[in-house]
Amino acid sequence: MEGDGRMEVGLAWLLRAAWIAGTLPILVASIPSSRLSPVHGVLSGFASRGKTLQSSSQKLTVPQSFFSHFYLVAVVWTTILLLATWYYAYKMAPLDSVSLDYSTIASHLTGGSHILSLHKSRSTSAQHRYRVWRPVFLLLLMELHVMRRLYETLYVFNYSSSARMHIFGYLTGLFFYIAAPLSLCTCCAVEVFNFTADQVAEINVEGRDLLSITGSDWWGYVKPITKLGWFEWIGAAIFIWGWVHQCRCHAILGSIRKERTGEYRIPHGDWFELVSSPHYLAEMVIYAGLLVASGAADFTIWLLFVFVVFISSSTPQSILLRYINQPHPHILLLFEPILGFTW
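Source: prediction; values computed, not measured. (Residues numbered from 1 in each chain as written. Predicted model: local features only at pLDDT ≥ 70, side-chain atom pairs only at ≥ 80, totals over all residues. Heavy atoms only, no water.)

1. Some points on the overall build of the protein
For clarity, the threshold we go by: Helix numbers and strand numbers start at the N terminus; a helix is a DSSP run of H or I with at least 4 residues, a strand a run of E with at least 2. Exposure classes here rest on a 1.4 Å probe applied to the protein chains alone. A residue is buried below 20% of its type maximum, exposed above 50%, and partly exposed in between. Two residues form a contact once any of their heavy atoms are found within 4.5 Å. For the accessible areas, the method is Shrake-Rupley and the probe is 1.4 Å, while residue cover comes only from the protein chains on display.
Per the secondary structure count, the protein includes 14 helices and two strands. Expressed as a percentage of the 343 residues in the protein, the buried residues total 51%. Sequence-distant contacts, at least 24 apart, represent 82% of the contacts inside the protein between residues at least 6 apart. In the form shown here, the protein has an accessible surface area of approximately 16100 Å², with 68% of it arising from carbon and sulfur atoms.

2. Focus: the packing of helix α3 (residues 67-92) against helix α6 (residues 126-155)
Any two packed helices are characterised by how steeply their axes cross, that is the angle between the axes, and by the distance between the axes. Convention followed: Axis geometry follows a simple rule: fit a line to the C-alpha atoms, using only the stretch in contact for helices, then measure angles between N-to-C directions, giving values from 0 to 180 degrees. Each angle receives one of four descriptions, namely roughly parallel if under 35 degrees, roughly antiparallel if over 145, roughly perpendicular if within 65 to 115, and oblique otherwise. By convention, the crossing between two helices is left-handed when the near helix turns anticlockwise from the far helix through less than a right angle, and right-handed when the turn is clockwise. Under the grouping applied here, Gly and all other residues not named as nonpolar or charged are polar, the nonpolar ones being Ala, Val, Leu, Ile, Met, Phe, Trp, Tyr, Cys and Pro and the charged ones Asp, Glu, Lys and Arg.
Two elements in contact, α3 and α6, have axes separated by 8 Å at closest approach and are oriented at 155°. Taken as axis vectors, α3 and α6 run roughly antiparallel relative to one another. As for how α3 packs across α6, the hand of that crossing is left-handed. Partitioned by chemical class, the residues of the contact of α3 with α6 number 22 nonpolar, six polar and two charged.

3. Things to note about the environment of F305
If you trace the backbone, F305 turns up in helix α13 (residues 299-311). Residues F305 and L291, spaced 14 residues apart in sequence, show a C-alpha to C-alpha distance of 7.1 Å. Not counting the four nearest positions on each side in its chain, F305 is found in contact with M284, Y287, A288 and L291.

4. Considering the environment of L182
Structurally, L182 is set in helix α7 (residues 167-183). For the pair L182 and P135, spaced 47 residues apart in the sequence, the C-alpha separation amounts to 9.6 Å. Not counting residues up to four positions away in its chain, the partners in contact with L182 are L11, L15, W77, L81 and A189.

5. Looking at the pattern of salt bridges
To keep things clear, this is the line we draw: For salt bridges, the criterion is a side-chain nitrogen of Lys or Arg within 4 Å of an Asp or Glu carboxyl oxygen.
Going through the model one piece at a time under the given rule, you end up with five salt bridges. Among the salt bridges present, the one from R131 reaches E8, with a minimum N-O distance of 3.3 Å. With R131 in helix α6 and E8 in helix α1 (residues 2-29), this pair connects stretches of sequence that are 123 residues apart. Since its relative accessible area comes to 27%, R131 is described here as partly exposed. A salt bridge links E152 to R148; the nearest nitrogen and oxygen atoms lie 2.7 Å apart. Residue E152 and its partner R148 are both found in helix α6; the two are separated by four residues, about one turn of the helix.

6. Here's the deal with the confidence of the model for the protein
Filter applied, for reference: A score between 0 and 100, pLDDT records how confident the predictor is in each residue.
Summarising the model, the protein shows a mean pLDDT of 77, and 69% of its residues fall at 70 or more. Every residue in residues 315-343 scores below 50 in pLDDT, and together they form 92 contacts with partners more than four places removed in sequence or on other chains.

7. A short note on helix α12 (residues 278-293)
Where we set the bar: Helix span is expected to be 1.5 Å times the residue number reduced by one.
Taking 1.5 Å per residue, 16 residues should reach 22 Å; α12 reaches 22 Å between its end C-alpha atoms and fits that length. Of all 16 residues making up α12, 13 are buried, and the element is well covered by its neighbours. Immediately beyond the C-terminal end of α12, within one or two residues, lies G295, with a positive phi of roughly 90°.

8. As for the nonpolar core
The condition is simple: Residues grouped as a nonpolar core are buried Ala, Val, Leu, Ile, Met, Phe, Trp, Tyr and Cys residues, joined through side-chain atoms within 4.5 Å.
Counting residues in hydrophobic clusters, the biggest one holds 76 residues, and the most contacted among them are W19, W133, F176, Y177 and Y287. Among the elements that take part in this core, α3 stands out by supplying 14 residues, more than any other. Apart from the residues lying within four places of it in its own chain, the contact partners of W19 are F175, F176, A179, A180, S183, T300, L303, L304 and F307.

9. Observations regarding the packing of α7 against α13
It is the contact of α7 with α13, at a shortest axis distance of 9 Å, that shows an interaxial angle of 145°. Relative to α13, the crossing made by α7 is left-handed. Where α7 abuts α13, its residues F176, A180 and S183 lie against T300, I301, L304, F307 and V308.

Shown next as structure tokens:
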């Protein structure tokens, strides 16, 4: 148990260091100083894609259609984390009973596993139970987000076969969608991993089938989520608000791309009547919702949110050139990100 605690802390600080390392260069590049212009130039070059990518900079590039890789990875990874965390919460941190699942206890006490003895004392406290179920709720919201983004990448946006993006932006996107879901469940990720590994061992050694392990009490898996607090549901409402508007804005952008006029047009409708890049504003609203739903007490999730805000509020000059000569009634290019695409 002590070892698990140390690993939990180590994982949390590793993720925090990664978010800080990702945010600091953007923060430095945003400082209005001519001495820092080379930094901004390098970051803008790494972030370039499509028509913002200089022809001389296409050596380290991949097709822009590789955006779908981000969301394929995100859907698979988030689903794995969600199912594993949900099962762990159901078995080890029930909210509708004082005692743990009796079949689980019997299995572990008869030598089926050593994990129960490591977690029993923590799982029996109400505070720890809510602490375990909260990541389940956050991962559910994240799953909803990345599944929609995968659908949009495949069926809404129409990427040109000649469009490219820098390999650095591609790798950054892959990192983001591995680290972000993990950041939402850092508080119990090590426990979940150990417990899941133990359950897999039981299947292999004892020959138990998956249904006997997971059980068929589907309402028992859902009911604890309905018992979560106001923070979670207010955060979910904020998340859905941003999610719906981003969906609408992406549909508008997708319809413009399909026209293939060869020119940039000012989009209209929904939040485009307020700001120039509302899909990035919506991205910040989405992650603000996740932050509120987490209880706003997890430093790792705070750093994830700060990273998204900085990514979504920087404005490279290469993107400004798209609209500089066009009449623009909105707040000028508010929330156009330095990495040039929505996370």
